[in-house]
Amino acid sequence: MAPQLKIERIECVPLSMPLPRTFRGSNYFMTHRCTIITRVYTSEGIVGEIYNGDEFETQAEVVKIILDEIQPLLVGMDAFNIEGCWEKMRKPSTNILRDRKLAMCAQAAVDSALWDAVGKALDVPLYKVWGGHGDKLPVICIAGYYEEGKTLADFGREMEQIRKDGYIGCKFKVGGLTPKDDAERVRAARSAAGDDFVLLVDANQGWSRAQAVEFTRHAQDLNIRWFEEPVHWQNDRLDMAATRAQGGIPVCAGQSEISRAGCRDLMMSGAIDVCNFDASWGGGPTEWRRVAALAQCFTVEMGHHEEPQVSAQLLASVPNGTYLETFHKDRDPMFYALVANRSSFDNGYYAVPQGPGFGIEMDKATIEKHRV
């Protein structure tokens with residue numbers, strides 16, 4: 001019989017790592033890689049821990065919600081009571097004067113750590129607890145960022161290097177130029193990488209519906225796996241549905257939602273073929289798994305926005321999972337420096353960690369060097 005995992009306390013360790021250069025998408029830029037390590041201590045001596053998130057501006061407020069609002073609600077509860085703990089943690093999101101995403105990020109961090117404790121108590125990796133569909137995932141690299149002076153030939157060489165580094169494909173940034181100019185950047189990537197290289201594009205909500213449809217016409221022969229967040233946020237569901245119908249390229253979205261209801265509405269609107277809901281932004285693995293089950297009802301595939309330390313176990317657990325999203329080490333030094341037991345990419349695939357829980361061992365020196 002499994003022991004009761006009585007929750008005793010929660011600890012948070014915020015981290016921030018400077019990036020070697022600024023990485024620019026269509027409407028945003030990144031200068032640091034930030035995260036929060038969350039640890040849940042239990043009466044059995046088992047400590048659930050994992051890191052979540054990447055937004056420095058809200059890091060301190062998320063930590064405050066975890067320690068001041070969520071921790072008092074959970075102390076004394078059984079970590080095996082995942083659903084009960086999850087419902088308790090909803091309370092901070094009811095504050096109508098707060099950005100609810102902050103409360104959902106806080107809930108996600110604790111929910112993730114609770115699941116890690118459960119996996120460790122059972123001595124089983126979480127993908128097996130959640131369904132065990134597969135033990136490896138095709139891995140893609142997010143790249144193609146906007147850099148001053150970068151030529152089409154440079155983008156081609158970037159794709160060649162990504163392929164040499166063991167990735168099966170690339171999620172390429174678009175939406176920052178005209179549809180025609182961005183299509184030429186993607187064409188250069190396709191020409192260099194070859195026809196069997198998986199190529200996805202991500203506009204980060206950079207275009208109007210008309211511009212997104214125009215891009216699909218310029219890129220219709222490039223075998224694009226999916227077109228992510230193609231349109232502005234103001235009317236995204238209907239505009240994505242129109243882009244999907246008119247453009248003929250599968251559409252992916254969901255990372256900007258913070259609940260299963262938001263993802264449900266994307267599916268009900270016929271807006272997406274792939275849902276890349278982010279467990280670290282939307283309430284944790286408990287909520288992601290609900291979305292994955294809902295997606296099967298709509299024959300929608302599941303992705304996960306970044307966060308490979310969490311997403312590998314989730315995506316491998318379900319039959320409708322797609323690709324593990326990662327970055328070059330310059331863009332996400334956290335994954336390469338903090339995860340001490342990270343497995344290498346083998347012919348385009350990543351082996352799901354087989355240790356209990358998330359199976360992640362974190363490097364102590366990296367934590368001490370970059371803690372905020």
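Residues numbered from 1 in each chain as written. Predicted model: local features only at pLDDT ≥ 70, side-chain atom pairs only at ≥ 80, totals over all residues. Heavy atoms only, no water.

Short version of the rule: UniProt positions are given in the numbering used here, feature names are shortened, and annotations may be inferred rather than shown by experiment.
As annotated in an unreviewed UniProt entry, the protein chain carries the name L-alanine-DL-glutamate epimerase and is attributed to Bauldia litoralis. Annotation of the protein chain in UniProt includes, under Cofactor (unreviewed entry), the sentence "Mg(2+)".

### Focus on empty space enclosed by the protein
Put simply, the rule reads: A cavity here means a set of points on a 1 Å grid, drawn over the protein atoms and nothing else, where a 1.4 Å probe fits but cannot get out; a pocket is an open set with protein on both sides within 12 Å along at least five of seven lines, and a residue lines either one if it has an atom within 4 Å of a point. Grid points are joined across faces, edges and corners, and a volume is the space filled by probe spheres set on the points. Comment: elements are numbered from the N terminus, with helices defined as DSSP H or I runs of at least four residues and strands as E runs of at least two. Three categories are distinguished: nonpolar for Ala, Val, Leu, Ile, Met, Phe, Trp, Tyr, Cys and Pro, charged for Asp, Glu, Lys and Arg, and polar for the others, with Gly belonging to the last.
Under the defined criterion, the tally for this structure stands at 3 cavities of 30 Å³ or more. Quantified by volume, the largest cavity comes out at close to 140 Å³. What lines the largest cavity is a set of 14 residues, and nearest its centre among them are Ile36, Asn52, Gly53, Asp54 and Val62. Residue assignment for the lining of the largest cavity shows that the elements contributing at least two residues are β2 (29-42), α1 (59-74) and α3 (100-122). Top element by residues in the lining of the largest cavity is β2. It accounts for 3 residues. Grouping the amino acids of the lining of the largest cavity by side-chain chemistry returns 6 nonpolar, 6 polar and 2 charged.

### What to know about the layout of surface pockets
By volume, the largest pocket is sized at about 610 Å³. Every residue lining the largest pocket is counted, 30 residues in all, and those nearest its centre are Tyr28, Met30, Asp54, Glu55 and Trp281. Sorting the residues of the lining of the largest pocket by element identifies β2 and β5 (169-173) as the ones contributing at least two each. Looking at the lining of the largest pocket, the element that brings in the most residues is β2, giving 5 residues. When its residues are assigned to classes, the lining of the largest pocket shows 8 nonpolar, 10 polar and 12 charged. Around the second largest pocket sit 23 residues that line it, and Cys141, Ile162, Asp165, His328 and Lys329 are the ones nearest its centre. Along the lines of polarity and charge, the residues of the lining of the second largest pocket split into 10 nonpolar, 4 polar and 9 charged.

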